[in-house]
Number of protein chains: 4
Amino acid sequence: MAGVNRVILIGNLGADPAELRYMPSGDAVLNVTLATTETWKDRATGEKRERTEWHKIVFIGKTAEIVKQYLHKGSQIYVEGKLRTRKWQTPEGQDRYTTEVVVDSFGTMQMLGGRQEQPSSGSSVPFDEEAHYQGQGRPAGRPQTAPAPAPSSSAPASNYGGSSTYDDDIPF
Amino acid sequence: MAGVNRVILIGNLGADPAELRYMPSGDAVLNVTLATTETWKDRATGEKRERTEWHKIVFIGKTAEIVKQYLHKGSQIYVEGKLRTRKWQTPEGQDRYTTEVVVDSFGTMQMLGGRQEQPSSGSSVPFDEEAHYQGQGRPAGRPQTAPAPAPSSSAPASNYGGSSTYDDDIPF
Amino acid sequence: MAGVNRVILIGNLGADPAELRYMPSGDAVLNVTLATTETWKDRATGEKRERTEWHKIVFIGKTAEIVKQYLHKGSQIYVEGKLRTRKWQTPEGQDRYTTEVVVDSFGTMQMLGGRQEQPSSGSSVPFDEEAHYQGQGRPAGRPQTAPAPAPSSSAPASNYGGSSTYDDDIPF
Amino acid sequence: MAGVNRVILIGNLGADPAELRYMPSGDAVLNVTLATTETWKDRATGEKRERTEWHKIVFIGKTAEIVKQYLHKGSQIYVEGKLRTRKWQTPEGQDRYTTEVVVDSFGTMQMLGGRQEQPSSGSSVPFDEEAHYQGQGRPAGRPQTAPAPAPSSSAPASNYGGSSTYDDDIPF
DNA sequence: TTTT
DNA sequence: TTTT
């Protein structure tokens, strides 16, 4: 019965985030690709070598909005999520499977790199954080690594209902 | 500004859980010791060796109640939490520091071992999980490794919103 | 340049391990499927719900041999590995991608559940763990969760050197 | 018997690394303090709050040398290690306990932040990474996120000898 | 003080 | 003592 499904990645966005999509529940969804590079030295030749792995990341909820707003191609992030393999079909009706790392309210996203990221100019994120959060926030009295104007997100993107004052100020 | 503080342990309880204590906020608090054992073979002698590390775990909120109710000396668990070092004083006024692994609503506890654990007989946990959960739970439509009758707990809905008297009240 | 790619799972084997395969380097390779189940209570209906995720795990090296020898359908394990997406082609020449969790010498496998597992009867693993270990082990004086007679494996000393024909030889 | 003891931190060095020390085995040892900061917004007051946790980190082996050479006060790093509580005595003979995060060859250290770190000027680390690595590195044929010119280190500092053909062909 |  |  016990089950643990956890992924931890540090890498860089392969491209600017695409447009936000929304689930029927109202939660935002955003897909990005993340590159994690490992490097080592070839023992035989002494050469430095590296291998890059590309991951499909799916941000759900508040975090999706933060990613859209603050991150761009090349941004370095820390991500905690879980594995999920989706089955889908080609237009020809063939089954296909895609494995993604889902970062929802049980996951975490942290921006790395120090330098202050700027919100994407011309951001098309017509998102009323205020209202959205109200309905879904974590319960009152819950600490949360909430960064507010700071572009970082820890266990956000979810509802855990709360005091109205909480959500008013914290955009995720 | 980014910060990650995460501890993952699998080990066995060193003793039956003590009594639950409560914070002013109403959140339950429970301390246990957890042993993690690593084994290896001494390369020189070929002998099998092992080393046991003892960890002070502090469960806060719903998880504390589950631990109290279902776990006992020897129970094997998986735990996700964060490090916290508390300063306290001896009766003589000397400073002391104790490092603990805090498992609150952002952490996780999973019972391992398969065999169905029995609730502690004579349990003094007058706790209506259902009602409690309903009132503070994560938002609808969100999966959660909810404990309820099941002796497992993942990011349960608990508060530990904090009064400034936290440390004063809880002499771990 | 920094990169972290880490997966942590606790789940149960979906079937007995298949046969060991070997890379040109001599390293064993073993594929298994692992189910991680998450349970939660539907907030709206109050019903208990669960979702099982199936993961493709690839054990490489010493750990592969231990898994083959000690684990079977239903065995509960803890696994630490990394994500890797492989590209392969159908007989028709179409590209396909499969994401796996690779557990090599940088990963870890721990058996859970307490009850003593028995080596698979009729095990065809003619493997001298002792000798193997001696020759390739980590440096003296270094602890290591050595497997040997003990059915546990943490970053064991294994190779998985390979040839360019890796994918060809190993039809996961 | 299973045991997992793992700590994952992202934070900043509180000070420049002190001098390297060496164990009888020849392994370098280096202690640093690392700050991890979590921020959240106070639900009652709406104020942004933060709490910083200070961790005692002990780097052992190759990683210790890399930290000494490349990191300084304020450097942001990712660290994977394990918890260890040491008992020691005051001059008066009183027992004291200190909990540290040990980052040895089973752990990992990654520099974050992007900006190219400069080796400490006037570095007193007369360390020939190349030669040193050869002598103590992981065994041939094993990939390793080798640091060398690159200021990153993943599970290095250990041997685990292997096939010489490994690195040539398989980049993972 | 656990567990194997 | 870091960082934002």
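You'll find the structure just up there.
**Comments concerning the overall build of chain A**
Each helix and strand counted, chain A has three helices and eight strands in total. Counting helices and strands in the order they occur from the N terminus, chain A gives β-β-β-β-α-β-β-β-α-β-α. Taken over 172 residues, chain A has a buried fraction of 59%. In chain A, once contacts between residues fewer than 6 apart in sequence are set aside, the share between residues at least 24 apart is 62%. A total accessible area of about 6600 Å² is found for chain A, and carbon and sulfur atoms account for 50% of it.

**Section: the environment of V101 of chain D**
In this structure, V101 of chain D sits in strand 6 (residues 95-103). Judged by relative accessible area, V101 of chain D falls into the buried class, the value being 2%. Along the backbone, V101 of chain D and H55 of chain D are 46 residues apart, and their C-alpha atoms lie at a distance of 7.3 Å. Leave out the neighbours within four places in its chain, and V101 of chain D touches L83 of chain B together with V7, L9, K56, I57, V58, V79, G81, K82 and L83 of chain D.

**A word on the pattern of salt bridges**
A complete count under the given rule lists 40 salt bridges over all chains for this structure. With a closest N to O distance of 2.8 Å, E80 of chain B and R6 of chain A form a salt bridge. Residue E80 of chain B is located in strand 5 (residues 76-89), and its partner R6 of chain A is located in strand 1 (residues 4-13); the two belong to separate chains. Taking the shortest distance from any N to any O, the salt bridge between D95 of chain C and K87 of chain C comes out at 3.5 Å. Exposure remark for K87 of chain C: the relative accessible area of 46% places this residue in the partly exposed category. What you see here is one network of salt bridges that share partners, running through R6 and E80 of chain A together with R6 and E80 of chain B.

**So, the environment of D16 of chain A**
Residues and elements named next belong to chain A. Tracing the backbone shows D16 in the loop between strand 1 and strand 2 (21-22). Put simply, D16 and R6 are ten residues apart on the chain and 25 Å apart in space, counted from C-alpha to C-alpha. Contacts of D16, omitting those with residues within four sequence positions, involve H72 and K73. A polar contact is formed between the side chain of D16 and the backbone nitrogen of K73, at a distance of 2.7 Å.

**Observations concerning the pairing of strand 6 of chain D**
Walk down a regular strand and you will see the side chains alternate between the two sheet faces. Residues and elements named next belong to chain D. Where burial is concerned, most of strand 6 is hidden: seven out of the nine residues are buried. Judged from the eight bridges that link them, strand 5 (residues 76-89) and strand 6 form a sheet pairing that is antiparallel. Each bridged residue has a counterpart across the sheet, and for Q89 the counterpart in strand 6 is D95. Between strand 5 and the antiparallel strand that follows it, strand 6, lie five residues; G93 among them carries a positive phi value of about 90°.

Conventions used here
- Residues numbered from 1 in each chain as written.
- Chains lettered and ligands numbered in written order.
- Predicted model: local features only at pLDDT ≥ 70, side-chain atom pairs only at ≥ 80, totals over all residues.
- Heavy atoms only, no water.
- Helix = DSSP H or I, 4+ residues; strand = E, 2+ residues; numbered from the N terminus.
- Buried < 20%, exposed > 50% of the residue type's maximum accessible area, 1.4 Å probe, protein only.
- Contact = heavy atoms within 4.5 Å.
- Areas by Shrake-Rupley, 256 points an atom, 1.4 Å probe, with all protein chains shown as cover.
- Salt bridge = Lys/Arg side-chain N within 4 Å of Asp/Glu carboxyl O.
- Polar contact = N/O pair within 3.5 Å; in protein donor to acceptor, adjacent residues only side chain to side chain.
- Pairing = 2+ DSSP bridges.

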